[in-house]
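Architecture at a glance
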Amino acid sequence: MTPDIWTHALRLFAATAIGCVLGLTRDVAGKPAGMRTMGLVALGAALITLCGLDASAGFGDDALAAALGVACGLGGWAVGALEKRSGQRAQNDQEIGS
């Protein structure tokens, strides 16, 4: 393995660890989206950022902007799925309608 791969692995591990620590505080407070969720979100964000940075090395900033656009779209989709699962959106719609 080249040193570059080790650097990427360390960055991914650090992002996951920080996300897990933040998620642990949410678990202790009894909130949804705990340690596992926050760790995976942090890992995904770090992975997309690293891929975008590697891709932009040869093509300029356009590749990084495209990768971040995809990440924002996936984030919006995930929030919608979580709202649907928790029923929060249905409660908000009922409050608006009455």
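In the block above lies the structure referred to throughout.
Side note on the overall build of the protein
Check the secondary structure of the protein and you find 4 helices and 0 strands. Ordered by position in the sequence, the α and β elements of the protein form the string α-α-α-α. For the protein, the residues scored as buried account for 14% of the 98 residues in total. Counting contacts in the protein only where the partners sit at least 6 residues apart, residues at least 24 apart contribute 28% of the total.

Focus on the layout of surface pockets
In this structure, the largest pocket occupies an estimated 430 Å³ of space. Forming the walls of the largest pocket are 16 residues, and the residues nearest its centre are Val41, Ala71, Leu74, Gly75 and Ala78. Going through the elements one at a time, α2 (35–59) and α3 (61–86) are the ones with two or more residues in the lining of the largest pocket. Examining the composition of the lining of the largest pocket, we find that 8 residues originate from one element, α3, more than from any other. Along the lines of polarity and charge, the residues of the lining of the largest pocket split into 13 nonpolar, 3 polar and no charged.

Points about the side chain of His8
With respect to the element layout, His8 can be found in helix α1 (residues 3–29). Setting aside chain neighbours within four positions, we find His8 in contact with Leu50 and Asp54.

Quick notes on the rules
Residues numbered from 1 in each chain as written. Predicted model: local features only at pLDDT ≥ 70, side-chain atom pairs only at ≥ 80, totals over all residues. Heavy atoms only, no water. Helix = DSSP H or I, 4+ residues; strand = E, 2+ residues; numbered from the N terminus. Buried < 20%, exposed > 50% of the residue type's maximum accessible area, 1.4 Å probe, protein only. Contact = heavy atoms within 4.5 Å. 1 Å grid on protein atoms, 1.4 Å probe; cavity = no way out; pocket = protein on both sides within 12 Å on 5 of 7 lines; lining within 4 Å. Points joined across faces, edges and corners; volume = space filled by probe spheres on them. Nonpolar A, V, L, I, M, F, W, Y, C, P; charged D, E, K, R; others polar.

These values are about where atoms sit, not about what they do.
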